[in-house]
Amino acid sequence: MLTEEDFKVPLEKQLKMRLLYDEINNCSDVTQLQDNLKACAEALMHHQHLLSVLCRQQLMQELEKWDSEASKIIKEAIEKEEHGNQD
């Protein structure tokens, strides 16, 4: 699904990261650094959640194409797990 090239950060993004690192290294305001770290962590968690949802949906679509009975069993197991985690 992913190639070796997919894991290489493009030069444009490397430059943006370098500028961000420089800005962080030159910042002495601890409160500002804490606020930005919290915002970064929140964005990371949000993106991880979205990626998880997208992967699950894509896997279920592929499984339904392959075997509808197996996909039904897996959907039931996921729903059972989700309802168990909410209690």
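Residues numbered from 1 in each chain as written. Predicted model: local features only at pLDDT ≥ 70, side-chain atom pairs only at ≥ 80, totals over all residues. Heavy atoms only, no water.

Caption draft 1: The arrangement of the overall build of the chain in detail. The secondary structure content of the chain amounts to three helices and zero strands. Expected size for 87 residues packed as a compact globule is a radius of gyration near 12 Å; at 20 Å, the chain overshoots this value by more than 25%. Projected onto its principal axes, the C-alpha coordinates of the chain cover approximately 60 × 40 × 10 Å. Per element, the accessible surface of the chain, about 8400 Å² overall, is 58% carbon and sulfur. Of the charged side chains in the chain, 10 are positive and 18 negative; the average position of the first set lies 2 Å away from that of the second. (Helix = DSSP H or I, 4+ residues; strand = E, 2+ residues; numbered from the N terminus. Rg over C-alpha atoms; globule rule 2.2 N^0.38 Å. Areas by Shrake-Rupley, 256 points an atom, 1.4 Å probe, with all protein chains shown as cover. Lys, Arg positive; Asp, Glu negative; His and termini not counted. Charge placed at Lys NZ, Arg CZ, Asp CG, Glu CD.)

Caption draft 2: Inspection of the environment of Ile24 at higher detail. By secondary structure assignment, the location of Ile24 is in helix H1 (residues 11-26). As a C-alpha pair, Ile24 and Asn36 span 12 residues in sequence and 9.7 Å in three-dimensional space.

Caption draft 3: Geometry of the pattern of salt bridges. Taken as a whole and judged by the stated rule, the model has five salt bridges. Close ionic contact of Glu12 with Lys16 constitutes a salt bridge, the shortest N to O distance being 3.9 Å. Separated by four residues within a single helix, Glu12 and Lys16 lie in helix H1, roughly one turn from each other. The two residues Glu12 and Lys16 agree in class, both being exposed. (Salt bridge = Lys/Arg side-chain N within 4 Å of Asp/Glu carboxyl O. Buried < 20%, exposed > 50% of the residue type's maximum accessible area, 1.4 Å probe, protein only.)

Caption draft 4: Up close: a nonpolar patch on the surface. On the surface, Met17, Leu20, Tyr21, Ile24 and Leu33 cluster together into a nonpolar patch covering about 430 Å² of accessible area. No other element matches H1, which puts four residues into the nonpolar patch. (Patch = residues over 30% accessible without salt bridge, like charges linked within 9 Å, V, L, I, M, F, W, Y side chains within 5 Å.)

Read these as layout, nothing more, since geometry by itself doesn't imply function.
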